[in-house]
Amino acid sequence: MQNNIVKSAMKSGLILGVLFSINFLLSVPANTVTGILTYLVIAAIVSVTYRLAVQFRDRECGGYISYGKVFLFILLSFFYAALISSLVKFVYFQFINPGYLEELYNQSMLLLEKMGLATDSAVEESLSTMLKPAAFSLQYIWINMMAGCFVGLVTAAFVKKEKSIFED
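Attention in this report is confined to the structure presented alongside it.

Conventions used here
- Residues numbered from 1 in each chain as written.
- Predicted model: local features only at pLDDT ≥ 70, side-chain atom pairs only at ≥ 80, totals over all residues.
- Heavy atoms only, no water.
- Phe/Tyr/Trp six-rings, centres within 6.5 Å; stacked < 30°, edge-to-face > 60°.
- Buried < 20%, exposed > 50% of the residue type's maximum accessible area, 1.4 Å probe, protein only.
- Helix = DSSP H or I, 4+ residues; strand = E, 2+ residues; numbered from the N terminus.
- Expected span 1.5 Å × (residues − 1).
- Bend = angle between axes of the 7 residues up to and from the residue.
- 1 Å grid on protein atoms, 1.4 Å probe; cavity = no way out; pocket = protein on both sides within 12 Å on 5 of 7 lines; lining within 4 Å.
- Points joined across faces, edges and corners; volume = space filled by probe spheres on them.
- Nonpolar A, V, L, I, M, F, W, Y, C, P; charged D, E, K, R; others polar.

1. Details of the packing of aromatic side chains
For the coordinates displayed, the defined rule picks out 11 aromatic pairs. Plain terms: the ring middles of Tyr 92 and Tyr 100 are 6.2 Å apart, the flat faces sit at 75° to each other, and that makes the pair edge-to-face. Under the relative-accessibility criterion, Tyr 92 is labelled buried at 10%. Judged by its relative accessible area of 27%, Tyr 100 is partly exposed.

2. A look at helix H6 (residues 133-159)
Here H6 spans 37 Å end to end across 27 residues, near enough to the 39 Å set by a 1.5 Å rise per residue. Taken as a whole, H6 carries its principal kink of about 30° at Gly 152. Those residues of H6 that sit buried are Pro 133, Phe 136, Ser 137, Ile 141, Asn 144, Met 145, Gly 148, Val 151, Gly 152, Thr 155, Ala 156 and Val 159.

3. Description of the layout of surface pockets
Roughly 420 Å³ of internal volume is contained in the largest pocket. As for the largest pocket, its lining consists of 20 residues, and the residues nearest its centre are Asn 23, Ile 42, Tyr 140, Ile 143 and Asn 144. Mapped onto the lining of the largest pocket, the elements with two or more residues apiece are helix H1 (2-27), helix H2 (32-60), helix H3 (67-96), helix H4 (99-114) and H6. At 6 residues, the largest contribution of residues to the lining of the largest pocket is made by H6. Per-class residue counts for the lining of the largest pocket are 15 nonpolar, 4 polar and 1 charged. As a volume, the second largest pocket reaches approximately 230 Å³. When residues of the lining of the second largest pocket are traced back to their parent elements, those giving at least two are H1 and H2. In terms of residue count, H1 provides more of the lining of the second largest pocket than any other element does, 6 residues in total.

Here you go:
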């Protein structure tokens, strides 16, 4: 049964990874229309996660699943989705729009300056290191996993289905 959860989570992660990537690509240009579309994609991610978890419960687990197993399935699905999404982000930052992170660095430095916070070479170096394509992309794995924890905690409550004591 453990292999089924990993295999199913990989398939679900592929679907969610595409949605995560679409969400990222829509969030890059900062305008109202794409901003609204990102919220719609987030709603789609939650909805698709629920449907994939129910499908896993019904197809792989015989219609019954514990809260913990649903949570694990969702967390694994988000992990695989985060890997795919991070790869898309890396390609975007490294090859498609390499100036994006440089501009983000400049905006961050201006913001720190406006806030009146002193910046020395250590702060600048640390910010510069965090805003390299690989490091920045990998940070999103943790962000997506935290989102997966939240979505998993809530969704698992709706998907779980214990066997009745009266059933075989």
